[in-house]
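Examining the three-dimensional arrangement
Next come the chains, spelled out residue by residue.
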Amino acid sequence: MVAFFKSRRRARLRALPISDEWRRTIERNVPIVRRLPGADREELFGHVQVFLAEKHFEGCGGLELTDEIRVTIAAQACLLLLHRDTDYYPLLTSILVYPSTYVVEGEHHLGGGVWEEGDEPHLGHTGSSLSALVLAWDSSLGGARVIDDGENLVFHEFAHQLDFESGDANGTPLLESNGQYASWARVLGAEFDALRRASETGAPSVLDEYGAENPAEFFAVATEAFFERPIELRSKHAALYEQLRAFYRQDPAEW
Ligand SMILES: [Zn+2]
């Protein structure tokens, strides 16, 4: 019954017309949206209404939240949800936004089992046991405005949230069938190994080297490349592109 009311409320929110101001903000700050087929753009605006009604935003480090900030982040987050029966990032309650790079205190993994105590600057992060996602506003906006450099902080962090929905931060989101899990593991496993080798030898890749860190980062980095460098990704990593096309049910190389 709860699910019934929830889905009815969401359908109502999706049907609300988006304000001209929000539409202009999205088109100005998230220009990738202008490339979307018209029906996808309208679907996205509907998702944005649900997302903003359900998620709690908080300004941190002196940042005063505005509609521009909320709408710009929501539009990017919701682009990852098109064409699917989505539960709108069910593990996520709050989005904390800092003006810029923020410092996280504590222990940091330097790699190879070596840990360091101290403060580390961050642009964004989230975690499978956190119900929050943290973003630096300047990087969230900058990543959205430059649509072809393969870097998008918001896509990256929300891809982690999709990954967590499968119960583990392991680089595998919820897929449709056993067959899809098998091909995902085969293709992404091989691509992850290839990126590790490339990062050791310094060979260039469409995929950011940070994806060599672990399979969860690989999926997040691959998501950024899929939406922001789709043509290169498709030509150099066709099998990976195909897995992501099937998962996201979108074909950005054709936009
Ligand atoms: Zn990450």
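Notes on the structure in this doc start here. Here the structure is a predicted model, which is why all the values come from computation and not from measurement.

Quick look at the overall build of the protein chain now. Broken down by element type, the protein chain carries ten helices and six strands. Here the protein chain has a C-alpha radius of gyration of 18 Å; the compact-globule value for 255 residues is 18 Å, and the two agree. In terms of principal-axis extent, the alpha carbons of the protein chain reach across some 50 × 45 × 40 Å. Intrachain contacts of the protein chain at a sequence separation of at least 6 include 64% that bridge at least 24 residues. In the structure as shown, the protein chain presents an accessible area of about 12,300 Å², 50% of it carried by carbon and sulfur atoms. Of the charged side chains in the protein chain, 24 are positive and 41 negative, and the gap between their average positions amounts to 10 Å.

This part covers unusual backbone geometry. Look at H83: it is not a glycine, yet its phi comes out positive at around 65°. You can see H83 is positioned in the loop between helix 4 (67–79) and strand 2 (94–98).

The zinc ion binds to the protein through H156 (NE2), H160 (NE2), E217 (OE) and E217 (OE), with metal-donor distances spanning 2.1 to 2.7 Å. Within one chain, the residues serving as donors to the zinc ion are arranged as H-x3-H-x56-E. Of this pair, H160 sits in helix 6 (residues 153–164) while E217 is found in helix 8 (residues 215–228), placing the two residues 57 residues apart along the sequence. The pair formed by H160 and E217 is uniform in burial state, with each residue classed as buried.

Okay, the sheet that holds strand 2 next. The strand order across the open sheet built from four strands is 1-2-6-5, with neighbouring strands paired in mixed fashion. A single partner strand is all that each edge strand has here, and the edge strands are strand 1 (56–59) and strand 5 (124–126). On average, adjacent strands in this sheet sit at an angle of 15° to one another, irrespective of strand direction. Inspection of the sheet shows strand 1 paired to strand 2 by four bridges, in the parallel sense. Counterpart to F57 in the pairing with strand 2 is I95.

Time to look at a negative patch on the surface. A surface patch of negative charge is lined by D148, D149, E151, D208 and E209. Here E209 lies in the loop between helix 7 (178–201) and helix 8.

Among the residues of helix 2 (residues 20–29), those classed as buried are W22, T25, I26 and N29. For helix 2, the buried positions fall inside an angular range of 95° around the axis, keeping them on one side. Exposed and oriented more than 90 degrees from the buried face of helix 2 are D20 and R24. Where helix 2 is buried, its residues touch helix 3 (38–54), helix 4 and helix 5 (137–145).

About the thresholds
Residues numbered from 1 in each chain as written. Predicted model: local features only at pLDDT ≥ 70, side-chain atom pairs only at ≥ 80, totals over all residues. Heavy atoms only, no water. Helix = DSSP H or I, 4+ residues; strand = E, 2+ residues; numbered from the N terminus. Rg over C-alpha atoms; globule rule 2.2 N^0.38 Å. Contact = heavy atoms within 4.5 Å. Areas by Shrake-Rupley, 256 points an atom, 1.4 Å probe, with all protein chains shown as cover. Lys, Arg positive; Asp, Glu negative; His and termini not counted. Charge placed at Lys NZ, Arg CZ, Asp CG, Glu CD. Donors = N, O, S within 2.8 Å, 3.2 Å for Na, K, Ca; no water. Buried < 20%, exposed > 50% of the residue type's maximum accessible area, 1.4 Å probe, protein only. Pairing = 2+ DSSP bridges. Axes fitted to C-alpha atoms, helices over the stretch in contact; angles between N-to-C directions. Patch = residues over 30% accessible without salt bridge, like charges linked within 9 Å, V, L, I, M, F, W, Y side chains within 5 Å. Salt bridge = Lys/Arg side-chain N within 4 Å of Asp/Glu carboxyl O. Arc of directions from axis to C-beta.

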